[in-house]
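Notes for the structure review
Here's the letter readout for the chains.
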Amino acid sequence: MIRLMKAEALKLVTIRSTYALLLMTAIGTAGIGVAVALAPHNHGIQRLLFPPRGTPAWYDLVFSALALAEDFALVLGVIIMTGEFRHKTATPTFLAEPRRGRVVAAKLIVSLGAGVVVMAAAAFAALVLGLCFVAAGYGGVGEMAGRLGQALPGYLVATVLFGTYGIGLGAILKNQVLALVVGLGLTAVVEPIIVAAWPTVGRWFPSEAARSLETGSSLSRSGFGGGLSHLLPSWEGALVLIAYALALSIVGSMTTLRTDIT
Amino acid sequence: MPTASVEVRHLTKRFGSVTAVDDLSFTVEAGRVTGFLGPNGAGKTTTLRMLLGLITPTSGQALVNGVSYPSLIEPVRAVGAVLESSGFHPGRSARSHLRIIATATGVETSRVDEVLDLVGLTKDAQRRVGGYSMGMRQRLELARALLGEPAVLVLDEPANGLDPQGIAWLRSLLRYLASAGMLVFISSHLLAEAAQTVDEVVILNHGRLAAQGRLSELLAEAGATIRLRSTEPERLVASLSARGIGARREGADQVVAESTTPERVGAVVAEDRIVILEMTSSGESLEDLFFSMTAGGALPARELAQT
Ligand SMILES: Nc1ncnc2c1ncn2[C@@H]1O[C@H](COP(=O)(O)OP(=O)(O)OP(=O)(O)O)[C@@H](O)[C@H]1O
Ligand SMILES: [Mg+2]
C-alpha cells in the first residue's frame with residue numbers, strides 16, 4: 001500500500017498540470033480576495049452587509065476567497081482518478097496492481113496530501129494579499145494574520161475532503177469531462193438552488209457540508225451573510241464529506257472500475 | 001520456482017451480441033516462443049487482456065502460472081505485458097513513467113535505467129512521451145514489460161511501429177529470452193516475421209481455436225506443393241486425382257500437386273509408369289497455413305489477392 005501511495009504521489013509530481021493547477025489556485029484566490037476587498041460597500045444596503053476595510057470582520061470576508069481551494073482540490077481529485085482512463089494509463093496501473101480497490105484507496109490517501117498542498121498555495125496567496133492590504137494601511141499585521149490563522153483550519157479540512165470527494169466522483173463516473181461537469185455543476189449551480197429552496201435538505205450536500213467547516217472556524221454562525229443557521233455542526237459536515245468520498249469510491253470500485261479495460 | 005505457464009480453459013467473452021472469444025482452450029509452455037495468430041477481430045487482444053485480468057471473462061478461466069493474474073503475488077515480476085492501446089501521460093517523461101511502475105511494484109529504480117538502455121531509449125528518457133514516435137512508444141512499452149524481469153512475456157503486436165532494426169532486435173531478444181527458459185507468447189500480423197521468430201503457434205479464428213502446435217509439424221502436416229514436368233501431363237493429373245491428390249495442369253507440360261509430399265507423388269508416378277522430366281517441392285509457408293486455417297474468416301483481401 002505504501003508503494004502504491006508513493007507511486008500515486010510520483011504521478012502528481014511528474015506532470016506539469018499539477019503545478020499549473022497550484023498556480024491557478026494561488027492566482028484565483030488572490031483575485032477573488034481582491035475582488036471581495038474592493039467591492040463597493042460604502043453606500044446603500046451594502047454598508048450594512050460589508051464591514052469597514054481593515055477590520056477583522058473585513059479580513060474574514062477577504063479570506064473567504066480560500067474557499068476556491070476546495071474547487072481546485074475537487075478538480076485535482078477528479079483528475080487523479082479519471083486521468084488514468086483519459087490517458088489510458090489504467091492498463092499499466094492495473095497491470096502493476098490488479099486489485100483495483102487498492103489503487104483507489106492509494107489515490108484517496110494521496111489526494112489528502114494533494115489537498116494540503118492546494119490549500120498551501122491558496123494560503124500563501126491569501127497571506128501575500130493580506131500583507132499588501134496591511135501595507136496599504138488596512139488594519140494591523142497581527143489582526144490580519146490572526147484572522148487568516150483562524151480561517152485556515154476549517155478551509156484546510158474542507159479542501160482536503162473535497163479532494164477525496166473528487167476521487168469518489170472520478171471513481172464512479174470514470175469520464176473526466178463528465179466528472180468535472182457534475183462535480184463543479186453540483187457545487188456551483190445545483191446545490192445553491194437546493195440550499196435556497198430547502199436549506200435543511202441542502203445542508204447535507206457536499207458544498208454545504210464544506211461550508212459548515214469554513215464557517216465553523218472563521219465566521220460566527222449568526223454573523224455575516226445570515227442564513228447560516230441551517231448548516232450542520234462542523235464535525236458533522238466533515239463526516240458527511242468523508243461519507244461522500246468513501247461511498248462514491250467504494251461504489252465506484254465495485255461498479256464502474258470493475259468493468260473491462262479495453 | 002515452478003516453470004512458467006499460460007493456460008486458457010473454455011474461455012468465452014461476449015461484448016453484448018458479439019462473441020469475441022468462444023470456448024477457447026490452449027496452453028503455452030515455457031522455453032519457446034509461441035505465436036498467437038489470427039485475422040483482425042479474431043479475439044487475440046481480448047484473450048490477452050483476459051489473461052492479464054483487465055477484462056473479465058464471460059465464462060472460463062485464463063491462468064498464468066496456474067492462477068489468475070490478480071491472484072499472482074507480484075504480477076509485474078511474474079508477467080511482462082505489452083498491450084495495444086496501453087497509454088502514457090503525454091506530459092510525463094519515459095523515465096518518470098517507468099519509475100512510477102517500478103515504485104508501485106517495488107522494483108529497484110536502477111532497473112528503470114537498465115530497461116531504458118535495453119530498448120535503446122536512454123538518450124530520450126527525459127523527454128516527454130507526448131513527443132515520442134510510435135516506435136519509441138512501443139519500445140517504452142517493451143521496457144515496461146521487462147521492468148520486473150518476469151518469466152512470462154505476453155506481447156500484443158510488439159513489433160507495431162518498430163523499424164527493421166527494431167524488429168530484428170526484438171526477434172533476437174525474444175529468441176534469447178525463450179532459450180533462457182522464459183515463456184514468450186506473442187500476437188502478430190507479420191507472418192513472415194513470426195515464421196522466423198516462433199516455435200509454436202496458436203491460430204485463432206472467430207474467437208475459436210483453429211490450430212495449435214509446433215510450427216514445423218503443422219507445416220509438415222499441411223504438406224508441400226509439388227511441381228512436375230511430364231511427357232504425359234494429362235495422364236499424370238488423372239493418376240494423382242485417382243489417389244486423392246489434388247492436381248491440375250499448368251502450362252504445356254506442367255502439373256501442380258498440392259498439399260502432399262514428394263514421397264506420395266513419387267510412388268504414384270512409379271506405379272503408373274509415367275515419365276517425369278522434372279520435379280520440385282516447395283513447403284507450405286506460415287502464410288499459406290494461416291490462410292488455410294482461417295479461410296472463411298473476415299478476410300476479403302485474401303480473395304482479392306488470389307484472383
Ligand atoms: N470493448 C469492446 N466492446 C465491444 N466489442 C469489442 C470490444 N473489444 C473487442 N470487441 C470485439 O471483439 C472482437 C475481437 O476483438 P479483438 O480486439 O480481441 O481482436 P484481435 O484479434 O485483437 O484483432 P486485431 O488483429 O485487429 O488486433 C471484435 O469483433 C471486436 O469488435
Ligand atoms: Mg488486437
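No experiment lies behind these values; they were computed from the predicted model shown.

**Observations regarding the overall build of chain B**
- Across its full length, chain B carries 12 helices and 13 strands.
- Its C-alpha atoms put chain B at 75 × 45 × 40 Å along the principal axes.
- Across the 307 residues in chain B, those meeting the buried criterion constitute 51%.
- In chain B, of all internal contacts separated by at least 6 residues, the share reaching a separation of at least 24 is 68%.

**Some points on the overall build of chain A**
- Looking only at helices and strands, chain A has 12 helices and zero strands in total.
- Each helix and strand of chain A, ordered N terminal to C terminal, gives the series α-α-α-α-α-α-α-α-α-α-α-α.
- The C-alpha radius of gyration of chain A comes to 19 Å, within 12% of the 18 Å expected for a compact globule of 262 residues.
- A principal-axis box enclosing the C-alpha atoms of chain A has dimensions of 60 × 40 × 25 Å.
- The burial tally for chain A puts 52% of its 262 residues in the buried class.
- For chain A, the exposed surface amounts to about 11,100 Å²; the carbon and sulfur share of it is 73%.
- Computed over 18 positive and 12 negative side-chain charges, the inter-centroid distance for chain A is 7 Å.

**Quick word on the domain arrangement of chain B**
- For chain B, the domain assignment lists domain 1 (5-215) and domain 2 (224-282).
- Of note, the centres of domain 1 of chain B and domain 2 of chain B, computed from C-alpha atoms alone, are 45 Å apart.

**A short note on the interface of chain B and chain A**
- At the junction of the two partners, chain B supplies 34 residues and chain A supplies 25 residues.
- Taken together, both faces of the contact between chain B and chain A bury some 2,600 Å²; the carbon and sulfur share is 60%.
- Counting across the interface, chain B meets chain A through two salt bridges.
- We note a salt bridge from Lys13 of chain B to Asp260 of chain A, for which the minimum N-O separation is 2.8 Å.
- Counting across the chain B and chain A interface gives 13 residue pairs in polar contact (both at pLDDT 80 or more).
- Elements supplying a minimum of two residues to the side of chain B that touches chain A: strand E1 (5-15), helix H2 (75-78) and helix H3 (94-105) of chain B.

**Description of the sheet that holds strand E10 (residues 224-230) of chain B**
Residues and elements named next belong to chain B.
- Reading across the sheet, the four strands line up as E11-E12-E10-E13 and stay open at both edges, with antiparallel pairing between neighbours. The two strands at the open ends of the sheet, each matched to only one other strand, are strand E11 (247-250) and strand E13 (276-283). On average, each strand axis in the sheet is inclined to that of its neighbour by 20°, with strand direction left out of account.
- Here E10 pairs with strand E12 (residues 254-260) via five bridges, running antiparallel. Its bridge partner being in E12, Ala224 is matched across the sheet by Thr260.
- Sitting on the sheet, helix H9 (residues 233-242) touches E10, E11, E12 and E13, and the angle it makes with E11 is about 165°.

**Observations concerning the sheet that holds strand E5 (residues 79-82) of chain B**
Residue and element names in this part refer to chain B.
- An order of E5-E6-E7-E3-E8-E9 is seen for the six strands of this open sheet, with the pairing classed as mixed. Two strands close off the open sheet at either side, each with one partner strand: E5 and strand E9 (208-214). Within the sheet, the average angular offset between the axes of one strand and its neighbour, ignoring direction, is 15°.
- Sitting on the sheet, helix H8 (residues 215-222) touches strand E8 (200-205) and E9, and the angle it makes with E9 is about 105°.
- Contacts between helix H11 (residues 286-293) and the sheet are confined to strand E3 (32-37), E8 and E9, with E8 contributing the most and set at about 35° to the helix.

Reading the values: rules and limits
- Residues numbered from 1 in each chain as written.
- Chains lettered and ligands numbered in written order.
- Predicted model: local features only at pLDDT ≥ 70, side-chain atom pairs only at ≥ 80, totals over all residues.
- Heavy atoms only, no water.
- Helix = DSSP H or I, 4+ residues; strand = E, 2+ residues; numbered from the N terminus.
- Buried < 20%, exposed > 50% of the residue type's maximum accessible area, 1.4 Å probe, protein only.
- Contact = heavy atoms within 4.5 Å.
- Rg over C-alpha atoms; globule rule 2.2 N^0.38 Å.
- Areas by Shrake-Rupley, 256 points an atom, 1.4 Å probe, with all protein chains shown as cover.
- Lys, Arg positive; Asp, Glu negative; His and termini not counted.
- Charge placed at Lys NZ, Arg CZ, Asp CG, Glu CD.
- Domains from an automatic or database assignment.
- Buried area = accessible area lost by both parts, 1.4 Å probe.
- Salt bridge = Lys/Arg side-chain N within 4 Å of Asp/Glu carboxyl O.
- Polar contact = N/O pair within 3.5 Å; in protein donor to acceptor, adjacent residues only side chain to side chain.
- Pairing = 2+ DSSP bridges.
- Axes fitted to C-alpha atoms, helices over the stretch in contact; angles between N-to-C directions.

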